Amino acid sequence: MMFTNCEGCTIYEKVTVDRAPSYIKHTTGAIYWEPSTGQTDGSDRRPKRSVFVNIPDFSTDYLPKEDDRVVCGIIESTTPPATALTVMNVKDLRYGSPRVRHIELTLE
């Protein structure tokens, strides 16, 4: 069993309808959510905030993609709130032993 620290997350799949963005809501089971802060190269020198998310294979049936929006926790809204983070990177690691199959996301 993989280590988790959050009840789940809400993923908003970004789709285009009549050239306008629209979203399809997906929820997961237990996940691992780890915020981090790094330094940027830009002149503003504001810290770069990102989140590493590990979704065990058994927690979802949807494979997120870049530009989807994600919120920690299960929420009722059918559209992503302003606090939603954007998926920047997806690694599909659902192979090998069932105990280690998972999906890794980097959010910003």
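Everything discussed here concerns the structure shown above.
Please read all numbers here as calculations on a predicted model, not as lab measurements.

Quick question: what am I supposed to make of the pairing of strand S7 (residues 102-107) here?
Each regular strand shows side chains that alternate between the opposite faces of the sheet. Of all six residues making up S7, five are buried, and the element is well covered by its neighbours. Where strand S4 (residues 48-56) lies against S7, six bridges are found, and the strand directions are antiparallel. Looking across to S7, one finds that asparagine 54 is bridged to glutamate 104. Here strand S6 (residues 85-93) pairs with S7 via six bridges, running antiparallel. Pairing of leucine 93 across the sheet is with histidine 102, part of S7.

I'm lost on the state of the cysteines in this one. Help?
By definition, a disulfide links the sulfur atoms of two cysteines through a covalent bond. In total, this model carries zero disulfides according to the counting rule given. Lacking any disulfide linkage, cysteine 9 is separated from the closest cysteine sulfur, that of cysteine 6, by 7.1 Å.

Any chance you could explain the pattern of salt bridges here in plain terms?
Side chains that carry opposite charge are capable of pairing whenever their charged atoms lie near each other. The full count for this structure, using the stated rule, is three salt bridges. The closest approach of N and O atoms between aspartate 68 and lysine 65, which form a salt bridge, is 3.2 Å. A relative accessible area of 33% places lysine 65 in the partly exposed class. One network of salt bridges, in which partners are shared, links Glu13, Lys65 and Asp68.

Scoring rules and cut-offs
Here the residue numbering is sequential within each chain, running from 1 through the sequence in written order. Predicted model: local features are reported for residues with pLDDT of at least 70 only, side-chain atom pairs are reported and counted for 80 or more only, and whole-chain, interface and lining totals are derived from all residues. Side-chain metrics rest on all non-hydrogen atoms present in the structure, leaving aside hydrogens and water. Only protein chains enter the accessibility calculation, which uses a 1.4 Å probe; a residue is then buried when its area is under 20% of its type maximum, exposed when over 50%, and partly exposed in between. Think of it this way: any DSSP run of H or I at least four residues long counts as a helix, any run of E at least two long counts as a strand, and we number them from the N terminus. Strands are labelled as partners when DSSP assigns at least two bridges between them. Any cysteine sulfur atom paired with another within 2.5 Å is treated as part of a disulfide. Salt bridges are identified by distance alone: a Lys or Arg side-chain nitrogen within 4 Å of an Asp or Glu carboxyl oxygen.

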